[in-house]
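Here is what each chain is made of, one letter per residue.
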Amino acid sequence: MTKSKMSQQHKSLLQGRRDLLKLAAALPLAGGLSACASTTASDKSATAAATSTPKPSAVRKPIVVSTWEHGMPANAAAWQVLAAGGSALDAVEQGVRVPEADPAVRTVGYGGYPDASGEVTLDACIMDHQLNCGSVAGLKRIKHPISVARAVMEKTPHVMLVGEGALTFAKAQGFVEENLLTEQSKQDWLVWREQGKAKSQINLENHDTIGMLALDSDGHLAGACTTSGAAYKLPGRVGDSPLIGAGLYVDQDVGAATATGLGELMIKTVGCHLVVELMRQGLNPQQACQRAVERIAAKIPNAAEAQVGFLALSVSGEVGAYCLHGGFNYAVQDASGATLTDAIHLLPGVVV
Ligand code: SD4
């Protein structure tokens, strides 16, 4: 190798190292929170691991991961698609349709908590390995917003449709209008209204969006996210779940991430895009989720009053998650079986 080539290589190595150090310095630590005393050490170890952890040699695929316990039956439906050699995109759509149709899941689709006016309004988005994406927000009276989001992606030149426009589009596509407010949801809403609460219920317990990520046997990633949003939200409020980058992001070069919890926090930090970009910098999925939660905790006043959780899947099938408060779990299914795991959390204590 010539001297000039060597010095060129040396310079780019130094530049790479400087970039990494700059990145580490730019990422805020959650030192302002007393419960985060261990954050500095974990942050250092995340950076160290980013430079030293060897990449896994074998890709773990197909695989599907989802937020929360209702991710177990959703993953099972997605797995049927993946195990038959189907696409990650079909898998995530079929998977999240399960909680969308289940009235016992009170935070997604049919039977979800309504807004303050008593109307169930749904947010959802879907994204594939080529940055194709589709989204709906504030969609009423359609049980499967994820399928409408997919139709937006595949049948329009747009990414996102909202409110009446989304409903008109859905009906034109053959989706059937139906009542999504179950008797149980109605009764709960009436009680909430009688209590005279002036505010939407955005708190620690209200956070069970389903976000699903899959890697198919062709090695393609896709993701879906669907929710009824914050219970008793102000009519018109849109959370992170239908926003590409906030509630979901997929980049085939790197991996995918999805989020659950108080959407305003993910919107302010473009949380899922942040997780994917941190993975691009060399962090593994769990380290990237941890950094994003730390960013939220450090930069957003009163973040600790809410829950946030991220779940990520790398293009090689590594899975990681992290949340602010204990209590967030995630479901994983691959050829070895199905598991439900508690995510590691930043703050002490568990919220269920
Ligand atoms: C939102 N992220 O609309 C969602 C909330 C959630 O079940 O997770 N709800 O902010």
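To be clear, the structure that these remarks concern was listed above.
The structure contained in this document is the topic of the report that follows.

1. Thoughts on the nonpolar core
Of all hydrophobic cores here, the largest spans 51 residues; its most connected members are Leu265, Val275, Ile296 and Phe310. If we skip the residues at most four places from it in the chain, Leu265 touches Ile296, Ile300, Ala303, Ala306 and Val308.

2. Quick word on the site of the ligand
Around the ligand, 15 residues are found, and the nearest of them are Thr209, Arg237, Asp240, Gly261 and Gly263. Here an oxygen atom of the ligand sits 3.0 Å away from a polar atom, N or O, in the main chain of Asp208. The separation between an oxygen atom of the ligand and a polar side-chain atom of Arg237 is 2.7 Å. About the coverage of the ligand: the protein hides 99% of its 290 Å² of free accessible area.

3. Section: the sheet that holds strand E10 (residues 319-323)
Taken together, the 5 strands give an open sheet; going across it, the order is E7-E8-E9-E10-E13, and neighbouring strands pair in mixed fashion. Across the chains shown, the open sheet's two edge strands, defined by having one partner strand only, are strand E7 (248-251) and strand E13 (344-345). With 2 bridges connecting them, E10 and E13 associate as parallel partners. Each bridged residue has a counterpart across the sheet, and for Cys323 the counterpart in E13 is His345. Strands in contact with helix H10 (residues 285-299) are strand E9 (308-314), E10 and E13; relative to E10, the strand with the most contacts, it is inclined by about 20°.

4. Examining the pairing of strand E6 (residues 221-227)
Burial analysis of E6 places 7 of its 7 residues in the buried class, the great majority of the element. Bridge count for strand E2 (residues 121-127) against E6 is 5 bridges, and the pairing is antiparallel. Residue pairing in the sheet places Ala124 in a bridge with Thr226 of E6. Pairing analysis gives 6 bridges linking strand E5 (residues 210-215) to E6, with the strands arranged antiparallel. Directly across from Ile210, in E6, lies its bridge partner Thr226. Remark: 5 residues form the turn of the hairpin made by E5 and E6, two consecutive strands paired antiparallel; Gly219 in that turn has positive phi of roughly 85°.

5. Points about the sheet that holds strand E11 (residues 329-334)
Spatial strand order, E4-E3-E2-E6-E5-E1-E11-E12: 8 strands in an open sheet with mixed pairing. Single-partner strands in this sheet number two, and they are strand E4 (160-162) and strand E12 (337-342). Strand-to-strand twist of the sheet, defined as the mean angle between neighbouring strand axes without regard to direction, takes the value 10°. This element, helix H6 (residues 163-172), spans strand E3 (133-140) and E4 of the sheet and lies at about 105° to E3.

Rules of the game
- Residues numbered from 1 in each chain as written.
- Predicted model: local features only at pLDDT ≥ 70, side-chain atom pairs only at ≥ 80, totals over all residues.
- Heavy atoms only, no water.
- Core = buried A, V, L, I, M, F, W, Y, C linked by side-chain atoms within 4.5 Å.
- Buried < 20%, exposed > 50% of the residue type's maximum accessible area, 1.4 Å probe, protein only.
- Contact = heavy atoms within 4.5 Å.
- Near = heavy atom within 4 Å.
- Polar contact = N/O pair within 3.5 Å; in protein donor to acceptor, adjacent residues only side chain to side chain.
- Areas by Shrake-Rupley, 256 points an atom, 1.4 Å probe, with all protein chains shown as cover.
- Pairing = 2+ DSSP bridges.
- Helix = DSSP H or I, 4+ residues; strand = E, 2+ residues; numbered from the N terminus.
- Axes fitted to C-alpha atoms, helices over the stretch in contact; angles between N-to-C directions.

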